[in-house]
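Residues per chain, in single letters:
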Amino acid sequence: MSDEQAAPVPSRYSEARQEFEVDVVVIGGGQAGLATAFYLRRAGLVPGRELVIVDAADRPGGSWPRMWHGLRLFSPAGFSSLPGWMMPPWDDATRGFPPRDHVVEYLTRYEEKYDLHVLRPHRVESVRRADEDPGGRLLVTADGLALSARAVVSATGTWDRPFWPAYPGMRTFAGRQLHASDYRQPEEFAGQRVVVVGGGNSAAQILAEVSTVAQATWVTTRPPRFLPDDVDGRVLFTTARARIEALEQGREHAGVAGLGDIVMVASVKHARDRGVLRANPMFTRLTAGGIAWADGTTLACDAVIWCTGFRPALGHLRALGLRTRDGHIPVGGPSGTRSVGEPRLHLVGYGDWTGPASATLSGVGPSARATAAELTSR
Ligand code: FAD
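Just so it is clear, the model here is predicted, and its values are computed rather than measured.

Novice: Explain the overall build of the chain to me, please; I cannot follow it from the model alone.
Specialist: The secondary structure content of the chain amounts to seven helices and 18 strands. For the chain, the residues scored as buried account for 51% of the 378 residues in total. Counting only carbon and sulfur atoms, one obtains 50% of the accessible surface of the chain, whose full area is about 17,400 Å².

Below is the structure:
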């Protein structure tokens, strides 16, 4: 495809804002958006003309470039691939799983390989109905960009909406508080007393590396569950596939067991060997100088790292009035990703509610394929 062919065709043009009429807009150029675009392209839509992908970030890779530097995948490269092209093997003498940068490189090359022409950086501010016609168009507005589309795929992930629980004293605490999404590397905590909050993989991995340079304390709301050493993300994906097959055959399936359980990646195993993986019950409040439990016990600390998860980043869809109390948008249809309240909208990659294991690299493929099939069959 030449550059000339790939450039979107403006229906109208103003200096302040480029305005395009297209078939499908995909919001989000992370793995979920790319996987969906892969199948839409394979169905014949031309990226950059009929299919436009818009991303808020200034570089490829979805949220992966913003994750902490030492992050490792919880499964090998061969189990971390998007449709069409396998993630290249990670050649590591320690036989560890691929690091964050390997994923960024893979996603960067993936969008080049399939000429997906992601428009960035443009943060989508709103998606609205052009008029009352249920078969009419959706208007997608981003900074510097206005798009009119037959259908919209939202694939904005969860990284942009870190979840902070509310505890008394959070405003009183004089030390540093940060969410896992703002954590970068352990060195900035060298010599400090650090409390790591959360019972999932992020908390375990951050605790593992912070504890190499700081005095780290782990607190969790329930006892953490560790997967056996020989179980990793591969098991989660196998379970997810079994669930898809069961549902297709009309059978019941319990779902992706253990998705929140802690995978014993190398750094977490080392932390266990050092005796670091001891979880304390959750504190009840923060004080000016630390944390306090219900029984009056206190602990002084310099920093609290909240590894308390994420919520779907759906603020750009507010004007459509689709969100329910749990913060989700009901989905269904053959793809399982089509908004019940707005059939021109699909949601891909947010978690099990938009497809089993769809918030993982290898798990998003089936949801993406079904979404593209439903969109192109209309
Ligand atoms: P993202 O990667 O977050 O991409 C969303 C894109 O949408 C971003 O580029 C963002 O800029 C853009 N965007 C957001 N809002 C807007 C907007 N309004 N307008 C335009 N663009 C917007 N999965 C695995 O398979 N293996 C693992 O080992 C693994 N480890 C993980 C470790 C951590 C700490 C986390 C948080 C997740 C991990 N995951 C893992 C899960 C999953 O693979 C990632 O969360 C992945 O980033 C989700 O991809 P996505 O495309 O849905 O979202």
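There's more to say after this.
Novice: Would you explain a positive patch on the surface in this entry?
Specialist: Positive charge collects at one region of the surface, where Arg 161, Arg 311, Arg 318 and Arg 323 lie side by side. Tracing the chain through its elements places Arg 318 in the loop between strand 15 (303–306) and strand 16 (331–332).

Novice: Explanation requested: the site of the ligand in the structure shown.
Specialist: In the vicinity of the ligand, 32 residues are found, and the nearest of them are Gln 31, Asp 55, Phe 74, Val 124 and Ala 359. Gln 31 is positioned such that a nitrogen or oxygen atom in its side chain is 2.8 Å from an oxygen atom of the ligand. Residue Ala 56 places a main-chain N or O atom 3.0 Å away from a nitrogen atom belonging to the ligand. Its residues placed into classes, the shell around the ligand shows 17 nonpolar, 11 polar and four charged.

Novice: What is the right way to read the packing of aromatic side chains from this model?
Specialist: The relation between two aromatic rings is expressed through the spacing of the ring centres and the mutual angle of the planes. In the structure shown here, the tally under the stated rule is 15 aromatic pairs. By the ring-pair criterion, three or more aromatic residues cluster together here, those being Phe 38, Tyr 39, Trp 85, Tyr 106, Tyr 110 and Tyr 114.

Novice: When you look at the sheet that holds strand 13 (residues 290–292) in this model, what are you seeing that I'm missing?
Specialist: The strands making up a sheet associate through backbone hydrogen bonding, with each pair oriented either parallel or antiparallel. Reading across from one edge, 12-13-14 is the order of the three strands in this open sheet, with antiparallel pairing throughout. Lying at the two open borders of the sheet, with one neighbouring strand each, are strand 12 (285–286) and strand 14 (298–300). Both strand 13 and strand 14 contribute to a ladder of three bridges, which runs antiparallel. Residue pairing across strands places Gly 290 opposite Ala 300, the latter belonging to strand 14.

Novice: Where do I start with helix 2 (residues 31–42) in this structure?
Specialist: If you check helix 2, its first and last C-alpha atoms are 16 Å apart, about what 12 residues at 1.5 Å a residue would give, namely 16 Å. Within helix 2, 10 of the 12 residues are buried, which leaves it mostly tucked inside the rest of the structure. Buried within helix 2 are the following residues: Gln 31, Ala 32, Gly 33, Leu 34, Ala 35, Thr 36, Ala 37, Phe 38, Tyr 39 and Leu 40. The positive-phi residue at the C-terminal boundary of helix 2 is Gly 44, with phi of around 115 degrees.

Novice: Would you take a moment to explain helix 7 (residues 364–377) for this structure?
Specialist: The α-helix advances 3.6 residues per turn, and as a result positions three or four apart in sequence lie on the same side. The end-to-end C-alpha separation of helix 7 is 20 Å, in line with the 20 Å expected for 14 residues at 1.5 Å each. All buried positions along helix 7 are accounted for by Val 364, Gly 365, Ser 367, Ala 368, Thr 371, Ala 372, Glu 374 and Leu 375.

Novice: What's the story with the environment of Asp 232 in this structure? I'm lost.
Specialist: Position of Asp 232 relative to the elements: it lies in the loop between strand 10 (215–220) and helix 5 (233–248). Classification of Asp 232 by relative accessible area gives buried; the value is 6%. Distance from Asp 232 to Leu 73, taken between C-alpha atoms, is 9.7 Å for residues 159 residues apart in sequence.

Analysis parameters
Residues numbered from 1 in each chain as written. Predicted model: local features only at pLDDT ≥ 70, side-chain atom pairs only at ≥ 80, totals over all residues. Heavy atoms only, no water. Helix = DSSP H or I, 4+ residues; strand = E, 2+ residues; numbered from the N terminus. Buried < 20%, exposed > 50% of the residue type's maximum accessible area, 1.4 Å probe, protein only. Areas by Shrake-Rupley, 256 points an atom, 1.4 Å probe, with all protein chains shown as cover. Patch = residues over 30% accessible without salt bridge, like charges linked within 9 Å, V, L, I, M, F, W, Y side chains within 5 Å. Salt bridge = Lys/Arg side-chain N within 4 Å of Asp/Glu carboxyl O. Lys, Arg positive; Asp, Glu negative; His and termini not counted. Charge placed at Lys NZ, Arg CZ, Asp CG, Glu CD. Near = heavy atom within 4 Å. Polar contact = N/O pair within 3.5 Å; in protein donor to acceptor, adjacent residues only side chain to side chain. Nonpolar A, V, L, I, M, F, W, Y, C, P; charged D, E, K, R; others polar. Phe/Tyr/Trp six-rings, centres within 6.5 Å; stacked < 30°, edge-to-face > 60°. Pairing = 2+ DSSP bridges. Expected span 1.5 Å × (residues − 1).

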